[in-house]
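Spelled out, the chains give:
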Amino acid sequence: MSDRRLGRAARRLATALVGLAAVAASSASSLAAAAPQETIRNFYSVLLGAMKNGPTIGVRGRYDQIAPAIEQNFDLSYMTQQTVGFAWRTLSDEQKKQVWVAFTHYLTATYAVRFHSYSGEKFEVTGQQNTPYGTIVESRIVKSNGEPVTINYLMRQNSGEWQVGDIYLTGAISQLATLRSQFMSVVEREGVPGLITLLNNKTQAMMASPASLVGRPGRPPAHATPTF
Amino acid sequence: MLALIVGLVEFSRRNAALVTALALLLALFGGYYAAKHFSIDTDVDKLISPDLPWRKQQKALDQAFPQNDDLLLVVVDAKTPDQAADGTAALADKLAAEKALFKSVRRPDESDFFRKNGILFLSKEEVQSFADQMVAAQPLIGTLAADPTLRGVFNALDLLAQGVIQGSIEPKKIDSALTTVAQATNAALAGKHDPVSWQTMMTGRKPKALELRRFILTQPVLDYKDVQPGKRAEDAVHEAARQLGLTPENGITVRVTGSVAISDAEFSTLAHGAGFSTGLSVGLLCLWVTLALRSLRLLIAILTTLIVGLVACGTFAVAVVGPFNPISIAFAVLFVGIAVDFGIQFSVRYRDERFRVDDFVQALRSTASGIGGPLGVAALATSVGFFSFVPTNYTGVSDLGKIAGVGMLLALALNLTLLPALLTILRPKGERRRVGFARAAPLDRFLVVHRRSVLAFTAVVALGCLALVPQVNFDFNPLHLENPHEEAVSTLFDLMSDPTTTPYTIKVLAPSVPKAAELAARLEKLPEVSRAMTAESYVPTDQQDKIAILQDAAQLLGPTLTPAEVKPPPTPEEALAAIATCAADMKKVAAHGSQPAAALAQALNDVLARGTAVLPALAANVASDIENRLDDLRLSLQAQPVTLDSLPAALKRDWITPDGRARIEVFPKGDARNNDVLRRFAAAVRKIVPDATGSPVTIQESAYTVTQAFTLAGFLALAAISVLLAVVLRRLWEVLLVLIPLMMAGLLTLATSVLGNMPLNFANIIALPLLLGVGVAFDIYFVMRWRAGQGDLLESSTARAILFSALTTGTAFGSLALSSHPGTAEMGKLLMLSLFYTLVCTFFVLPALLGPVEQEQPAATVNSAVGRRS
């Protein structure tokens, strides 16, 4: 009788080992293939967490929760450079850092304000495409009324890590392009210092706006999708 | 010689039937031969001697760049840059397929090179502005790239609407886009084709004039045996345009111009009125002859002689001179106008003699001995006048001289043989009335009695005219002689009004590329020059910076401009759904006070009411050719650095020959249609580069050549005629008597040219030497009559003959004045004018000069054999 039990245990162990190996193998390969999508999924999970706690922790709380995810998952230096445009070459390192900081605050604040509460939204990563310009991750946010909005991300590889380079609303509208054209006239008139001031002012305005105040439970969200 | 003439007439009378039959037979064979071997060489290049230095320079340039020889330029104008670009591309492809009609077809501004790198030719600021505009339009571009259909368009517009509603886009920024689409939508609802220009919508700026006009350069296959060598090719262009829908109804015009088209237009205009004017002049001719002769039989005789003479002249031309050219073919007009004079002189004199002695045979003899001499001299003088055209550099006219010169001699011979023969056969009735202008008798007396005052008056007028002669203006611009209503000509004028497209540029062939650059720099400093282009003009400046700007934009736009997936075409329901959404959002925008949005909302609601039936028309107006524009955009963002070596081969070949010589193209400042501008421009450039060529130079040089040719011809004619007259008349004073009225007529003509603002030009300058040849005959008739002791010039039959001769010649020339071809009309007018003055001087100045008839005559004059008073 102890032989049979031993045999069964050995078989179970073997199966488990094979299974483990299989899982390890598959996860290793899908880990490599799915890395860009993983970045988005990670970001979405943080975003969802902030949304669910949204009304309670307020805009400041959401900001603090989202900020690390933004720094980790977004290629902020690339995004800053693209937003500034051609004038970037003329900036000193110090100025570049300043713009980078202001932009990061602005981006985080924007997310914190827009994604302020949860009412059944679903975040789905649907796939990815390799293009000559980089890998594009396709995702969808399904609003509380069932309406899906396509959001694609241009992914860039930064020392092994996959980070977001650009965000495409409805799959076609580049957020960086929108931001750049928005800030174009300021950069032309007042240079980069003017841009920094503008970004900071906008950030402050967003953080202090009534829509970000704590409380007001039960009010349906005015916008569930990010529109810059 | 007189004896010979009298003998000829006598012989012809006696053997009238034989002579007539022979003449008609010869005419028949000659006519057949001429018709069979008739050919015309319409290559206008051959009209001026190729040995002249400026012709050689022109030839050198043509040989260096044979692809620019005999061009047919196709000009495509459209309302939007999109239509211009796409239409021209389609047309060029279609034409290139017709190898039998076109040797080569190329588009100077539409190669891939320009589509990709054309943007580098803008200034740095413009490139930056372009890039910024593209970035700002990214939402539109991205949406359209993923869905370049009706649905995509209205989704994109809906996006804009939402942007306005949410406050992230200023309403004013999208006003023009909304207005444009509303307009196109309403046009579609009305069934009209009025497409939106996506290029304008995407770049946000009004298209430059040059973007609305595109060119195709073709070299047609030319058939020089044809009067209009390029006509088949031109018709093919218009037909192809029609088949492709490039028509004014669709907002596109296709026109053809260039040297080939202009020559063809010229012939078309010439041929246009030719039928009517020929008919009119033939009719008038018959009228004058009838009035002069008052007899149908005489009319028939003269016309027959004329026709036989014309055929004989033509046969000679075909057999001996060879192919006609555009100028020598005018021999027919000259022949008819002048040869009929001989017939009239003979016949009128016959009538006069017949009145005096009512016997046909006797009258004919007297005619021969009376008019034979003057007729012979006059014919010789006119012939000599024409032969003086021969030794000039204007080969076109020298051929005419040969033909007309011989023609005059043929006419003389026929009028002394065939005409008497025909008269004999036709047996005209007797003359009841005196032939001449009896009523002119008082005038005759007045002119003789008051010689001094008439001559003094004439001298004063002559001095006045002389004073005006230096002001005579020669308009060397051959375009002013063209019919401005012909498409080829009006298009050329259109192009000339824009300094960047004017074809009146000077071309210089420099020995090397660096030399060309150096020369171009020097030429550009001249105040008369607007710019000097070389191959290096196609290498843009500041390329590094511009490319950096474009690459930056490319990075941002790339992924959405070339999406991985493009949506499949929408079903009509999907399209309508997109339109409905857009309409609803536009209404919201309109509620904020935007007029364009309201207009668009209204238009879209009309579309929804109409349903799917209007969707194809709407797509044609609103969603056509988006893919082409996106391609243009993709290419622009890929601009590569350009060097002289990386230029496309065809472009380089246009500017640099295989053996390294480089072309410089120099553009004038100011309006090239103005002669003074051209003159100063050419003079300034040639000071630096003496062997420059190109239209501004060649037309002026042609002018010098032609005027020199005619001046030479004029002097030769004068000299030759003087010698002839000296031999015949043997008295210097009488030679002068013949020539002075002609000089006077010439002066009057020139003075009128100045006072009446009728500048001389290539066409009418022929009037001056012609005047010599024609007018000399009139004067000879009068002078020889006077020498023979017969005064009362104005009341004589000779005067009658001269008057009607002048009328017939005037009619022949006048038919030219009716032509719709400005050059020919000018020629006709000046010829008529000079003829009128010749007549005036012959009738009024010459009798005064001659004075009373000499009572005593020296024995050894030619006309002493006549001796009788008639």
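Calculation notes
Counting restarts for each chain, with residues numbered from 1 along the sequence as it is written. Chain letters and ligand numbers both follow the written order, the letters beginning at A and the numbers at 1. It should be noted that, the model being predicted, local features are given only for residues of pLDDT at least 70 and side-chain atom pairs only at 80 or more, the latter also being counted only at that level, while totals for whole chains, interfaces and linings use all residues. A helix here means a DSSP run of H or I that spans at least four residues, while a strand means a run of E at least two residues long, and both kinds are numbered starting from the N terminus. The exposure label follows from counting other C-beta atoms within 10 Å of a residue's C-beta, where the C-beta atoms are placed from the backbone and the thresholds are 20 or more for buried and 12 or fewer for exposed, leaving partly exposed in between. Here, residues touch in the contact sense if the C-beta positions derived from the backbone fall within 7 Å of one another. Whether two strands pair comes down to DSSP finding at least two bridges between them. Geometry is summarised by axes, namely lines fitted to C-alpha atoms with helices restricted to the contacting stretch, and by angles between N-to-C directions that run from 0 to 180 degrees. Think of a nonpolar core as buried Ala, Val, Leu, Ile, Met, Phe, Trp, Tyr and Cys residues chained together by C-beta atoms that fall within 7 Å. The classification used treats Ala, Val, Leu, Ile, Met, Phe, Trp, Tyr, Cys and Pro as nonpolar, Asp, Glu, Lys and Arg as charged, and all other residues, Gly among them, as polar. Each residue carries a pLDDT score, the predictor's confidence in it, ranging from 0 to 100.

Engineer: Help me out: how do you make sense of the overall build of chain A in this one?
Structural biologist: Secondary structure assignment for chain A yields six helices and five strands. For chain A, the succession of helices and strands along the chain, N to C, is α-α-α-α-α-β-β-β-β-β-α. Across the 228 residues of chain A, 34% fall into the buried class.

Engineer: How do you make sense of the overall build of chain B when you look at a structure like this?
Structural biologist: Helix and strand counts for chain B come out as 32 helices and nine strands. Residue burial in chain B is summarised as follows: out of 870 residues, 50% are buried. In chain B, of all internal contacts separated by at least 6 residues, the share reaching a separation of at least 24 is 82%.

Engineer: How should I be thinking about the sheet that holds strand S8 (residues 662–668) of chain B in this particular structure?
Structural biologist: Sheet strands pair by backbone hydrogen bonding; their relative direction is either parallel or antiparallel. Residues and elements named next belong to chain B. The antiparallel open sheet is built from three strands, whose spatial order is S6-S8-S7. Only two strands of the sheet have a single partner each, and these edge strands are strand S6 (506–510) and strand S7 (529–533). When the angles between neighbouring strand axes are averaged without regard to direction, this sheet yields 20 degrees. Of the pairings in the sheet, the one linking S6 to S8 comprises five bridges and is antiparallel in character. Each residue of the ladder has a partner; that of Ile506, found in S8, is Val666.

Engineer: Explain the pairing of strand S4 (residues 161–169) of chain A to me, please; I cannot follow it from the model alone.
Structural biologist: Looking down a regular strand, the side chains alternate between one sheet face and the other. Residues and elements named next belong to chain A. In terms of burial, S4 is a largely internal element, eight of the nine residues being buried. Bridging between strand S3 (residues 148–158) and S4 involves eight bridges; their strand directions are antiparallel. Bridging from a neighbouring strand, Asn152 pairs with Tyr168 of S4.

Engineer: Sorry if this is basic, but what is going on with the sheet that holds strand S1 (residues 122–131) of chain A here?
Structural biologist: Residue and element names in this part refer to chain A. As summarised here, the arrangement of the five strands in space is S1-S2-S3-S4-S5, forming an open sheet in which the pairing is antiparallel. The open sheet is flanked by S1 and strand S5 (173–174), the only strands paired with a single partner. Bridge analysis of S4 against S5 gives two bridges, and the strand direction is antiparallel. Pairing of Leu169 across the sheet is with Ile173, part of S5.

Engineer: Explanation requested: the nonpolar core in the structure shown.
Structural biologist: One broad trend across soluble globular proteins is that nonpolar side chains are buried collectively. In terms of nonpolar packing, the biggest core is built from 142 residues, with Cys313, Phe331, Phe335, Ala381, Ala767 and Ile780 of chain B touching the most fellow members. If you tally residues by element for this core, the top one is helix H16 (residues 395–426) of chain B, at 16 residues. In this view, Ile780 of chain B contacts Pro374, Val377, Ala378, Ala381 and Val738 of chain B; residues no more than four positions away in its chain are not counted. In terms of nonpolar packing, the next biggest core, distinct from the first, is built from 111 residues, Tyr63 and Phe74 of chain A together with Ile141 and Ala161 of chain B among them.

Engineer: Looking at this model, I keep getting lost on the interface of chain B and chain A. Mind explaining?
Structural biologist: A common way to state how big an interface is: give the accessible area lost once the parts meet. Of the residues lining the interface, 19 residues belong to chain B; the matching set on chain A comes to 20 residues. Of all the elements in the fold, those that place two or more residues in the side of chain B that touches chain A are helix H6 (124–136), helix H7 (138–146), helix H8 (150–166) and helix H21 (543–561) of chain B. Considering each element in turn, the side of chain B that touches chain A owes the most residues, seven residues, to H21 of chain B. A class-by-class count of the residues in the side of chain B that touches chain A yields 10 nonpolar, seven polar and two charged.

Engineer: Please explain unusual backbone geometry as it appears in this structure.
Structural biologist: The phi torsion of most residues other than glycine is negative, and most of the peptide bonds are trans. Residues and elements named next belong to chain B. Phi is positive for Arg294, which is not a glycine, with a value near 55 degrees. Relative to the helices and strands, Arg294 is located in the loop between helix H12 (259–293) and helix H13 (296–321). Residue classification places Arg294 among the partly exposed residues on the basis of 15 C-beta atoms within 10 Å. One non-glycine residue, Arg730, adopts positive backbone phi at about 55 degrees. Along the chain, Arg730 falls in the loop between helix H28 (695–729) and helix H29 (732–755).

Engineer: Looking at this model, I keep getting lost on the environment of Gln638 of chain B. Mind explaining?
Structural biologist: Inspection of the secondary structure puts Gln638 of chain B in the loop between helix H25 (626–637) and helix H26 (649–655). In sequence terms Gln638 of chain B and Ile547 of chain B are 91 residues apart; their C-alpha atoms lie 8.5 Å from each other.

Engineer: What should I look at first to understand the confidence of the model for chain A in this one?
Structural biologist: Detailed reading of the predicted coordinates is not advisable wherever pLDDT is low. All names here are of chain A. For chain A, the mean per-residue pLDDT works out to 80, and 76% of the residues sit at or above 70. Confidence over residues 24–33 falls short of pLDDT 50; this stretch has zero contacts with residues more than four positions distant or in other chains. Predicted confidence is poor over residues 212–228, with pLDDT under 50, and the contacts of this stretch with residues over four places away or in other chains come to 29 contacts.

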